[in-house]
Amino acid sequence: MGTSVKIAFATSDMKHVDQHFGAAEAFAIYAVGQETADLVEAVQFGQLDMDGNEDKLAAKIDALSGCIAVYCQAIGASAVNQLRPKGIQPVKVAAGTPLSHAICSLQTEMREGPSAWLARAIESQGPQNANRFDAMEAEGWSE
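Residues numbered from 1 in each chain as written. Predicted model: local features only at pLDDT ≥ 70, side-chain atom pairs only at ≥ 80, totals over all residues. Heavy atoms only, no water.

Engineer: Mind showing me how you'd approach unusual backbone geometry here?
Structural biologist: Trans is the prevailing form of peptide bonds, just as negative phi is the prevailing case for residues other than glycine. Its identity as a non-glycine residue notwithstanding, Met14 has a phi of 65°, on the positive side. Structurally, the position occupied by Met14 is in the loop between β1 (5-10) and β2 (16-17). (Helix = DSSP H or I, 4+ residues; strand = E, 2+ residues; numbered from the N terminus.)

Put into structure tokens, the structure is as follows:
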């Protein structure tokens, strides 16, 4: 699996996962591969209250376009329900988890065999199989 995936981290200091998704001041977005991890974007939102205002979620979800996951210390059901149809897996981790530890854990999983959600996400990011009908044709299938 020589591919990289985009992962977002809810952070206030660009070093730790220390934010609730809905009130996140920023997301650090990394391209993570089995052996490499590169910061590709830092998206800033400023300080937001956890007030139950659903309108602020749209901007955060839009900012995660192309990401397969967002790591955060907590996330509400409404946000989860809006992320999943977009192919973004919410991942809750302990408050203060260093980004470097979360990335290292993800890379280990990528090398040793991804979990079901990660395998699906990686597969969905890959190029569509242009030869997907060749096997059917070889078995004698025709229109």
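Engineer: Is there a simple way to think about the side chain of Thr97 in this case?
Structural biologist: Positionally, Thr97 belongs in strand β7 (residues 97-98). Take Thr97: its relative accessible area is 16%, and that puts it in the buried class. If near-sequence neighbours (up to four positions away) are discounted, Thr97 is found in contact with Lys15, His16, Val17 and Ala102. (Buried < 20%, exposed > 50% of the residue type's maximum accessible area, 1.4 Å probe, protein only. Contact = heavy atoms within 4.5 Å.)

Engineer: When you look at the pattern of salt bridges in this model, what are you seeing that I'm missing?
Structural biologist: A side chain with one charge may pair with a side chain of the opposite charge, provided their charged atoms come close. Overall, the coordinates contain 1 salt bridge when judged by the stated rule. Of the charged contacts in the structure, one is a salt bridge between Arg111 and Glu35, with a shortest N-O distance of 3.7 Å. You can see Arg111 sitting in helix α3 (residues 99-112) and its partner Glu35 sitting in the loop between β3 (26-32) and β4 (37-44), a full 76 residues away along the chain. The exposed category is assigned to Glu35, whose relative accessible area is 62%. (Salt bridge = Lys/Arg side-chain N within 4 Å of Asp/Glu carboxyl O.)

Engineer: Whenever I open this one, the pairing of β3 confuses me. Can you help?
Structural biologist: Within a regular beta strand, the side chains point alternately toward one face of the sheet and then the other, so they alternate between its two faces. Taken across its 7 residues, β3 has 7 buried, putting it largely inside the fold. Neither face of β3 is exposed, since Ala26, Ala28, Tyr30 and Val32 on one face and Phe27, Ile29 and Ala31 on the opposite face are all buried. Across 7 bridges, β3 lies against β4 in antiparallel orientation. Within β4, the residue paired with Phe27 across the bridge is Val43. Between the antiparallel neighbours β3 and β4 lie 4 residues. (Pairing = 2+ DSSP bridges.)

Engineer: What is the right way to look at the sheet that holds β3 in this model?
Structural biologist: What holds strands together in a sheet is hydrogen bonding between their backbones, with the strands either parallel or antiparallel. Read across the open sheet, the 5 strands follow the order β4-β3-β1-β5-β6; overall the sheet is mixed. Looking at the sheet topology across the chains shown, the edges are occupied by β4 and β6 (89-92). Looking at each pair of strands side by side, their axes are set apart by 25° on average, direction ignored. By the bridge criterion, 6 bridges tie β1 to β3 in an arrangement that is antiparallel. Opposite Val5, over in β3, you have Val32 as the bridge partner. (Axes fitted to C-alpha atoms, helices over the stretch in contact; angles between N-to-C directions.)

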